[in-house]
Amino acid sequence: MTAANGKKHGKKEQTDRYEIRLSGSGGQGLILAGVILATAIGVGDGKNAVQTQSYGPEARGGASRADVVVSEQEIYYPKTMKLDLLLALTQEACDRYYPDMKEGGILVIDTSLVTQVPTKKYYGFPFVRLAREEIGHAMVANVIALGAIAELAGIVTKESLKEAVLERAPRGTEEKNEKALELGFKIAREAKRKA
Amino acid sequence: MTAANGKKHGKKEQTDRYEIRLSGSGGQGLILAGVILATAIGVGDGKNAVQTQSYGPEARGGASRADVVVSEQEIYYPKTMKLDLLLALTQEACDRYYPDMKEGGILVIDTSLVTQVPTKKYYGFPFVRLAREEIGHAMVANVIALGAIAELAGIVTKESLKEAVLERAPRGTEEKNEKALELGFKIAREAKRKA
Amino acid sequence: MMEKIAHGSDVTHHYLRPKKKFPNVWCAGCGNGIVMGALIRSIDRLDLDKDNVAVVSGIGCSSRMPVYLDFNTLHTTHGRALAFATGVKIAKPNLTVIVITGDGDALAIGGNHFIHTCRRNINITTILIDNRIYGMTGGQFAPTTPGGSFATTAPYGNYEKQFDVVKLAIGAGASYVARGTVYHVQQLEKLIEAGIKKKGFSVVDVVSNCHTYYGRFNKEGDAVEMLSWMKKHAMPIEAVRKIPPEKMKGKFVTGLIHEHDATEFTHEYQMMVDRLAQKEAEK
Amino acid sequence: MMEKIAHGSDVTHHYLRPKKKFPNVWCAGCGNGIVMGALIRSIDRLDLDKDNVAVVSGIGCSSRMPVYLDFNTLHTTHGRALAFATGVKIAKPNLTVIVITGDGDALAIGGNHFIHTCRRNINITTILIDNRIYGMTGGQFAPTTPGGSFATTAPYGNYEKQFDVVKLAIGAGASYVARGTVYHVQQLEKLIEAGIKKKGFSVVDVVSNCHTYYGRFNKEGDAVEMLSWMKKHAMPIEAVRKIPPEKMKGKFVTGLIHEHDATEFTHEYQMMVDRLAQKEAEK
Amino acid sequence: MTETDPKPPVSEGNEKAARGDKASPGKYVYDGRTPPINIFLHWCKACNICIAFCPKKVLEPDREGKPTLAHPEKCTQCAICWLHCPDFAITSNYK
Amino acid sequence: MTETDPKPPVSEGNEKAARGDKASPGKYVYDGRTPPINIFLHWCKACNICIAFCPKKVLEPDREGKPTLAHPEKCTQCAICWLHCPDFAITSNYK
Amino acid sequence: MKRSGIGKARLLQGNEACVRGALYAGVEFFAGYPITPSTEVAEAMARELPRNGGKFIQMEDEIASIAAVIGASNAGCKAMTATSGPGYSLMQENIGYAYMTETPCVIINVQRGGPSTGLPTKIAQSDTMQARWGTHGDYTAIAVAPSTVKECFEETVRAFNLSERFRTPVTVLSDEVLGHMREMMVIPEKGELEVTERHKPDVPHEWYKHFEISPSFVSPMASFGEGYRYNVTGLTHDEDGFPTANPIEIKNKMEKLRFKIERFADEIHKIRMDMMDDAHFTVVSYGSVSRAARQAVTMARERRIKVGAIQLRTIWPFPDMKLREMFAGVRKVIVAELNMGQLVNEIKRVAPRHTEVFSLARYDGEVMTPHQILEKIREVIK
Amino acid sequence: MKRSGIGKARLLQGNEACVRGALYAGVEFFAGYPITPSTEVAEAMARELPRNGGKFIQMEDEIASIAAVIGASNAGCKAMTATSGPGYSLMQENIGYAYMTETPCVIINVQRGGPSTGLPTKIAQSDTMQARWGTHGDYTAIAVAPSTVKECFEETVRAFNLSERFRTPVTVLSDEVLGHMREMMVIPEKGELEVTERHKPDVPHEWYKHFEISPSFVSPMASFGEGYRYNVTGLTHDEDGFPTANPIEIKNKMEKLRFKIERFADEIHKIRMDMMDDAHFTVVSYGSVSRAARQAVTMARERRIKVGAIQLRTIWPFPDMKLREMFAGVRKVIVAELNMGQLVNEIKRVAPRHTEVFSLARYDGEVMTPHQILEKIREVIK
Ligand SMILES: Cc1ncc(C[n+]2csc(CCOP(=O)(O)OP(=O)(O)O)c2C)c(N)n1
Ligand SMILES: Cc1ncc(C[n+]2csc(CCOP(=O)(O)OP(=O)(O)O)c2C)c(N)n1
Ligand code: SF4
Ligand code: SF4
Ligand code: SF4
Ligand code: SF4
Ligand code: SF4
Ligand code: SF4
Ligand SMILES: [Mg+2]
Ligand SMILES: [Mg+2]
C-alpha cells in the first residue's frame, strides 16, 4: 500500500497548471505538434506534461484536436478543464472550442482560414500561407504555430522545443523545420511587441 | 411471488418417503428398470416419484445405478438418503451400497452373482439364470427383479408396473416381458411366504 | 430497367436509407462505396422487394455498409455475420440474405463460420470485401495480406502465409465462388447478381482498396493508383483458361471461378420435415 | 529398433505414463487406442527424446489421449488445441509438437484454428481421429457425419453436407495431408512418422470407429465390423492414381494425398529476427 | 505491372455495349445546356476517381479536388464516373 | 461393400516383410512352451479385435470374450493382434 | 405450431421438461452445440422441432449457436439455445449483443463443475455471478432457477415470457442433477400458463423506431420481412438503431437497458417461502439445493427449530427489497449454494443490520444434502 | 533479453507504457488480435519483441490469442495478450483454463464502452465485475488498475510479478483515455522495481507434482522441455494433473485456487490515499477516474471540505479489510466509476455501519470530470 499523504492538505496545488489545445482539421499535423510540444516540455524542460487527443469517427473525418496540460507538479486530471491557450487553424475549430477558454486565455488563429473571430483579443498569423510562401513547404505550418505558441505562452524553452522538433522532423527537412520554428518565434515576438 | 406456507409447520412430512436403489453393472438394464418403476408409480399410481442416476466415467465403465424416491407428498430432496430397498446385481454393487441402507431395509440380490452377502436378512434370487433358463432371454433379468421388488416393497401396483413394462418393451418381446414380470411376482411371493 | 441502372440516381435514392447518413464514414475513394453501388444495382436488376432482403454484416469498415442500406439490416459482432445470417435464413427462408464482410471479419476471426456456411450450402450470398488489411483498426495485417507487405503489426514485413479465398471456399464446399474488383464494377454487379440467384452458398471475393493503410504502408498509392493496379492485373477466368500459366505471373483471376450444383440447406430441411409429416400421415 | 517396434511391449512401457491409468477410459475396441499405439511406435522409430515432445489435445474421447502419454502433455479446451499448440511451438521451436484431435474438436468448434494453422504452415503434426461423430457427448452428428446417417441430433437422418478434411486442409494451405485408418495400423504409423518429419504443418486424417454411437445408430456393427469395413473400402492413393474414377465408388483414399514444400512459420520468424539483427549490426 | 492490360470484357467502354444490348440507342450528344452529369458536391470527398478514370477527360478538379465539368461536350455517357464514385455523388442527366 | 479388398500395401502379412526389411530372420516356430504372445487380461476389454483379425485363428474367446491362446503353434508373429489391440493388452514373446 | 403430450402426467427428465416448456411457450427455433450435461435439450429439440413446425440446427460451436438464435429472433422466431459452463463462457460476447440490440432469446445453462472443463458430469451452481456479469459493459440481466422438473418447465415458459416482454436475453440456470433427474409432472393445458407474445408495432414503417424509448422503456419489436426495414447494431445507437457518439443518446440507451427491467423487477421476482411465518432463522437457496433445504428445514422443525426456507426462483435482477422485507424477523440467514459462495455476497449486501449472514458452500461436485444443511442450522443457532 | 530506452524520461502513451512495463518484467511472448483501443499494445509488441529476443504473433482471433499465450507460458515464457471488451469476453473460456491449470499470464484490457461493440473509441470502466466473474465456475481473480502512464508501466510489471508468483492469470484494467494519453515517465533502471521469476522445481522429475498442494498453495512450475513431462488439463485434477472425480481431491483443488491468492491478499492489495488523514468524507475510485478524484478533492480542500481520495490499484481480490479500516473515521463515501455502478456494490458490502455509501456513476462515454465529483461531494455532505 502506498500513502501519498506527504503533501499538506488544503495546499493549493497546480496553480501553475497550464492547458493548451491545438485544433484544426485532419492533415494539419496537430497531433504531431501536440506530441512535440509535450515532449519538449517533458523531456526537455523536465516538467510534467500530458497529451490527450480525440479518437473515433471524429478523428478519422475532418476535425482534429490535441490537448496538452503542463505543470511543475503531478498532473492529476489529464484532460483540459479551462484552456489557457487555444490554437485554432480552422473556423470550425475556433467556433467549437472558443467557449472552453479561460478568461484571459490566449487565442491564436490562422488568419487565412479563420475569418470570424469571436473576440477582439487574439493573435492572428497566416501560418499556412507563411509555410507555403516563406518556407516553401505547406506541411510546416504546425511548426510555425508551435514557435508562436512557445513565444506567447512561455511554458516551454526554445531550446527544448527546437530539439523536439528536429527529433521528429523527417530526414532532409530539418533545416526547413528549424526555419519554420524560428519564423514562429519571430512573428510572435513582433506581435507581442505590438500588442 | 409464491408462498407455499399452507402446510402446518412442524408437521412430520414425507413419513411415507420410500427410497429404492437398483444397482449392478452397465448393460443389466438398471437405468431402464428405474425409469419403468418411476413411471409405474408416478403415471400409473399417481404418486410422486423421482428417478436419479449416476453419470460420468463411472456410468460409461462398469458400474450402474438408478435410484427412485417415492412419496405421496411433494418430494423435497430428490436423491436417496437412506435406502428402504437395495437391489444389487453384482458383488461390487452390494459391497458398495449396503452401508447406505436404512435399518430394516430390504436387500435383494442376484444369488448367481453376489456370493458374499453382508447380512443374513436378505432376499436372494437367481435373476439372470432365471431369465436365461425360464424366459429364454437374459435381457429380462431386470424385469424379473422389478416384479420381485414390487411384491416385496409394495410401493407400486402390479397393474401399473405391468403397463409401464409393456410400454417400454421392444416390439415382439411383450410376452416375454410379461412372463418375466409375473415370474418376479411369483418368486417374491413365495420367498415372503417362506420368510 | 437497364436505363435506370445505367443512370443510377433513382436507384441510389430507392435503396439507400431515407435518413441518409451521407457522406458515409469511409475514407475518400474507399472501395466499400463502389461495392455498395454494385450491390444495389444488382438487387435492382433482380427486382427484389426491399422488405424481403436482409443484409447482415460483422465489424469492420466494410461491415459498416448495412447502416446505409434500406433493407432489413443486421450489423453484428466481429466475425459472426455468417452465423447470424444462418439464423435469419433458416428462420425465414423466403428472405434473400446477403452478407457483407471483410477479409478480417470473414477469414480471421470469422473463418470457422465461413467454412461451415460453405459446407452447409445455405442460400446466402457473401460479399467479401478483400482489401488485404484490417482497415477499421488502423492497418494490421490480415490473413490475406501478401507476404513481405508492411502493416502496423508487420513492421518488418509480413512473414505469414496467405489464404487463397477461392481455394478455401472451394475446399470447404461452397457451390458458387467468384472474384471481382472494385475497378471492374460492372463485372462485379453481374457476379453479385448471379450469386444472389444461385440457390446455395455463394461467395464473391471483391479485391478492394484500403489506400489509407494498405496503400500507404506499401507504397501502392492512393485510390486511383490502386484501382489502376487492379485494372492492370486482373485477368478474367475466360482469358485465363486460354493462356499458359506462366503468363499469369503477377496477375489474379476474376470472374466466376467455381460453380457446382448441390441441394440447398433450408430446402433439405424442408424435405426432412415433409418426409416426417408424410410418415405421420401414413400412420 | 525394428525388433522393439514389432514386439511392442517395451515401447508401451517406455511411452505410457509411469502411473499408467489403464485400462483407459475408452470403450472396448475404440480406435483411439489403436492410434495411440501407432503414434508411440512412430515416435519410437524417430528416436525422439521424450522430454522434447509435446502432445496437445482439445476435448473429446480422442483428445483424452495425452493423459496416457509420457511426454509434455497439454489437454486443453474444446477445439482450441491447435491454438495452444501454436503458442507452445513458437515459444520453444525445438519441441516436436503433436496435436491429437477429433473430427468435432478440429473441424466443428476448432475449424478456424485448423485452417489458420494450415495456412501458417507451422511445424505441428496433427492427428485427427475422424470417427464421424461426437463420441464424448454421446453421439451427435459431426461435420464429417455422412449425409443420411443417424445421430442423436439427426434422429431423422443427417441432412447436412460434410467436410472433406483433405480438401479443406489443402484449400487452407497445409503442406502435408495424409489419410490413414485404424485398420491399416502400419501404414498409419508411417504416415504419422513422415508427418512428424515434415518441416511444416501436417495433417493425418485417421478414419476411426465409434461403434458405441456411430456404429450402433447406423447399424455398422461393433469394432470388428467397422474395422472390416475400413479394410474393404480403403484404397491407397498409389492404387487410386492407376484406376478409373468410377472404380472409386464407395471407396475412400488413403496414404499421403498431398505434399508441397513451403517455408515453415517458426523458421520464417527466425529469419525475420536475423535480418533485423543484421540491420542493427550494420548500423 | 509491365504486362499489358488484359482488357476485361466489362467495365470499360460504353456500358450498354459492354452488356451487348441489341438496341443501340445511338450516341449521346451534349445539348449545350443540360450538363451530362450532376455532381453533388456535398457528398463528394474529392477522391479523384471520376476525374482519373473518365476516358474522355471531361472532368477537372476544382481547388478542393472535387470534379468540375470542364468539357461536358466530350462526355459519352460511358457511366464510368458514376459507377465508380464511392460516394454516390454523381448521377447522369441522360434520360 | 461388394468390391474386392484393395489390399493395402501394409498392415497385413508379416510386418517385417511389409517393411521390406532386407534381412529376413526366418519363419517363427513355436517352441511348445513359451507362448508366442502375452495377454494382459487386466487391460483387455474383450473387444474381439485380436481374435477376429488373427489370420491364423490362433486366438479364441474365453467366457468373458477375452482372447485365449487356442492354437499357439499356428502363430506366425504377424503382429496384427498386438498392433491392433486398442488397450495394449498383447505383447509378443518372440525375441 | 402443433404441441404434443399436453395434459397428461408423465415422467420427464429436467432437460426434457425445459424442451416441453419451450414448446409450450411457442419456441420456433433452436440452435445449439452439444455439451454435457445440457445435451439432452438439443437432442429433444432435434426430435421435436421438425415435427412441430420449428427449426433445429446444430451449429459449429456455441458462438455460432447464440448468433443464429439472435438472427432467428430478429427474423421473428421465439428462439433459444442450451449449453453448460464452457459454452456459456463462449457465448458471452454475443449475449452482450442481445442485450444491446434488445433481442429476446432464452439460454438454458445446465451447470456443471468449473472452472474450465472442470467436472462435466458433476453438479455445481457456480455460474450464478457469471449470469449477471459475464459479458463486458453495463446491462441488467434476468436469470431464473428451477429446482424441480416441473419448475424446469415453468421457468422455461417464464424465461420466454420475460424475454419477449422485456426484449432481452434470459438465462435459465439449471444444473446437472436437475437436468438428468426424472420426475413426475403434468404438462399444463394450453391457456393454463400465461404465454407472452412479442409486442408488435402498430405504426406505419416510416414512424417505426426499433429502439424507441417509450414510457415503459420496452419498445415494440418488428421482425425482418415485415416491412419495417430497421437497422440493428451492437454499436451504441439512437432510437432508430443508428450508431451514435452523442453522450445524451448514449446515456438514454444505457438507462433504457437498465430501467426497462429494474422498473418491473417486482413482477420478475419469484420467491418461494416454506415455513417462514414464524421463522427466526432461514435458509436461502436456489436451484436443486432448495430441495435439500426444504427437507432440512422440515427435519429441523421436527426438532422444534424455528427455521424457514426461502427459494429464489428469480436470481437476477436480485430481489434486494423483497429479501430485506422477508428478513424483518430473521436473525440468522444461511445461504446454501453449490459454489464457493457467490450469491451470499449479494445477501450480505442487502441484509438488514439485525440479520447475520452465513455461507454454506459446497464445491466438491457432490449435491448438498439435507443433513449438511441441518448441521449448519444447528451450528448457527447455537 | 535486451531492453531498450531504460532510465530516460520520455513521453509515452499508456498503451506503450504497458509494453515497456512488460519488457521490463521480462515478457517473452505476445499473442493478440487487434481491437480498439488496445491495438497499440499489439503494434508496439510487434516492433519490440523481435528485437528483444521475444516472440510476437497475431492470431486469428482472441480465443486463439489467449490459447497461444497459455501454451507459451507452459512452454516457459512470460506471456501476455491485450484486448478490449469484446475480445475479453471471447477470452473468458480460456482464461478459466488458465485459472484451472494455474498458468501465469497477463491480460491487458483497455476498456471501452459496452455492452457489445458499444463505443470502441470511448472510455468506460464497465468490465470491472467481469474481471472477477467473467468465466464460469469458481476461482479467485487478480486485477489491477493503473491511473497514469507511469502506473501503466508499474502495474504491468506488477501484473507479471503476481502472475508468476501465484501461477494465475492477472488482468490489467486500463481504459481508452489512459491507453491513448501521452505522459512523461522515466523508465526505471534494471533492479529498481522488483521482477519476480517463475518458481522452478528442484526435485527430480519422478517426484515432481505439477499441481502440488504446498503450504503456500502455490506450487513450483516446470516448463515443457525441461524434463518433467507433466500433464496439464482443464478437467478438475489431482496434484499430478490427472483428471479426478474424487470429492476430496476436487475440494482440495478448489481451495488451492482460492487460498493461494486469498491468503496473500494483503501483499496483493495496493491502495493510494490522498488527504485521508483527517477525512470525514472520501472518494473511492480506480483507473483514470482517480485522477479526476484527486483533482476534485484538491478543489474541495480549497473549500475546506474534509475529504480525501482513495485509489484502488488492486481491484481484485477486493480489499475488504483494508477498506473497512480506512473507513474508520469516514462518514460518507462516494464511489466514482465510469459505469452504472459496479464496484460500489462491493463497497456497500464491506462498509462499516457508520459509513454511508453513494454512487457516482457516469456511462455516456465521456470522462468523469473533477467538477462532477466536486458537485457530488457538495451534494453528499449536505
Ligand atoms: C471480438 C472483436 N475483436 C476485434 C475487434 C476489432 N476489429 C474491428 S474491425 C476489425 C478488422 C476488420 O478487418 P476487415 O474485416 O478486413 O474489415 P475492413 O475494416 O478491412 O473493411 C477488428 C480486428 C472487434 N470489433 N471485435
Ligand atoms: C466449449 C465446449 N463445447 C462443447 C463441449 C462438449 N464436447 C466435449 S467433446 C465434444 C465433441 C467431441 O467430438 P470429437 O472431437 O469428434 O471427439 P470424439 O469424442 O468423437 O473422439 C463436445 C461437443 C465442450 N467440452 N466444450
Ligand atoms: S480505412 Fe481503408 S477500408 Fe477503412 S474506410 Fe478507409 S480506405 Fe476504406
Ligand atoms: S464413445 Fe466412441 S469414440 Fe468414445 S471411447 Fe467409445 S467408441 Fe471411442
Ligand atoms: S459518363 Fe463517362 S465520359 Fe461522361 S463524364 Fe462520366 S466518365 Fe466521363
Ligand atoms: S468519384 Fe465521387 S467522391 Fe470521388 S471525386 Fe468523383 S464525385 Fe467526388
Ligand atoms: S501374431 Fe499374428 S498370428 Fe500370432 S496371434 Fe497375433 S495375429 Fe495371430
Ligand atoms: S484386441 Fe486387446 S482388448 Fe481387444 S480382445 Fe484382444 S487383447 Fe482384449
Ligand atoms: Mg479488410
Ligand atoms: Mg469424433
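As the structure is a prediction and not an experimental result, all values here were calculated from the model.

K.L.:
What exactly am I supposed to notice about the interface of chain G and chain H here?
P.N.:
By a widely used convention, the size of an interface equals the accessible area lost when the partners come together. Taken together, the contacts link 52 residues of chain G with 52 residues of chain H. Roughly 4800 Å² is buried in total at the junction of chain G and chain H, and carbon and sulfur atoms are behind 62% of that figure. Linking chain G to chain H there are zero salt bridges. Counting across the chain G and chain H interface gives 31 residue pairs in polar contact (both at pLDDT 80 or more). When residues of the side of chain G that touches chain H are traced back to their parent elements, those giving at least two are helix 4 (85-101), helix 5 (130-133), helix 8 (247-262) and helix 12 (343-350) of chain G. Broken down by element, the residue count for the side of chain G that touches chain H peaks at nine residues, all from helix 4 of chain G. By residue class, the composition of the side of chain G that touches chain H is 19 nonpolar, 21 polar and 12 charged.

K.L.:
What am I meant to see in the domain arrangement of chain G here?
P.N.:
Residue and element names in this part refer to chain G. Annotation of chain G at the domain level lists domain 1 (9-186) and domain 2 (271-380). Domain 1 puts 29 residues into the contact, and the matching count from domain 2 is 24 residues. Overall, the association of domain 1 and domain 2 removes approximately 2100 Å² of surface from exposure, summing both partners, and the carbon and sulfur fraction of that is 49%. Taken together, the links from domain 1 to domain 2 amount to five salt bridges.

K.L.:
Before we go on, may I ask you to explain the pattern of salt bridges in this structure?
P.N.:
Two side chains that carry opposite charge are able to pair once their charged atoms sit near each other. Overall, the coordinates contain 118 salt bridges over all chains when judged by the stated rule. A:Arg17 serves as the salt-bridge partner of A:Glu19, at 2.8 Å between the closest nitrogen and oxygen. For A:Arg17, a relative accessible area of 9% puts it in the buried group. The salt bridge involving A:Arg21 is made with A:Asp100; its shortest N-O contact spans 2.9 Å. In this pair, A:Arg21 is assigned in strand 2 (residues 18-25) and A:Asp100 in the loop between helix 3 (91-97) and strand 6 (101-110), connecting sequence segments 79 residues apart. On the accessibility criterion, A:Asp100 (29% relative accessible area) is partly exposed. Look at the salt bridges and you will find they share partners, linking G:Lys150, G:Glu151, G:Glu154, G:Glu155, G:Arg158 and G:Arg313 into a network.

K.L.:
Any chance you could explain the coordination of the magnesium ion (ligand 9) here in plain terms?
P.N.:
The reference angle at a metal is 109.5 degrees if four donors form a tetrahedron and 90 or 180 degrees if six donors form an octahedron. Residue and element names in this part refer to chain C. Distances from the magnesium ion (ligand 9) to its protein donors, Asp103 (OD), Asn131 (OD1) and Ile133 (O), fall within 2.0 to 2.2 Å. Linear spacing of the donor residues for the magnesium ion (ligand 9) on their chain is D-x27-N-x1-I. Placement of the pair is Asp103 in helix 5 (residues 103-109) and Asn131 in the loop between strand 4 (124-130) and helix 7 (165-172), with a sequence separation of 28 residues. Of the residues examined, Asp103 reaches a relative accessible area of 1% and is grouped as buried. Given the relative accessible area of 10%, Asn131 is considered buried.

Conventions adopted
Every residue gets a number counted from 1 within its own chain, in the order that chain's sequence is written. Here the convention is simple: chains get letters from A, ligands get numbers from 1, in the order in which they are written. Where totals are concerned, whole chains, interfaces and linings use all residues; where local detail is concerned, this predicted model gives features only for residues with pLDDT of at least 70, and gives and counts side-chain atom pairs only at 80 or more. Heavy atoms throughout the structure, all of them, feed into the side-chain values; hydrogens and water do not. Contacts were defined at the residue level, with two residues in contact if any of their heavy atoms lie within 4.5 Å. Values labelled buried area give the accessible surface lost by two parts on being combined, using a 1.4 Å probe and summing over both. In the sections that follow, a salt bridge refers to a side-chain nitrogen of Lys or Arg positioned within 4 Å of a carboxyl oxygen of Asp or Glu. A 3.5 Å cut-off defines polar contacts: any pair of N or O atoms within that distance qualifies, except that in protein one atom must be a possible hydrogen donor and the other a possible acceptor, and neighbouring residues in sequence count only when both atoms are side-chain atoms. Secondary structure elements are defined from DSSP: runs of H or I of at least 4 residues count as helices, runs of E of at least 2 residues count as strands, and each element is numbered from the N terminus. For this classification, the nonpolar set comprises Ala, Val, Leu, Ile, Met, Phe, Trp, Tyr, Cys and Pro, the charged set comprises Asp, Glu, Lys and Arg, and every other residue, Gly included, is treated as polar. Note: domain ranges come from an automatic or database domain assignment. Three exposure classes are used, based on accessible area relative to the maximum for each residue type with a 1.4 Å probe and protein chains only: buried under 20%, partly exposed in between, and exposed over 50%. Here a donor is an N, O or S atom found within 2.8 Å of the metal, or within 3.2 Å if the metal is Na, K or Ca; sites may look incomplete because water is not among the atoms.

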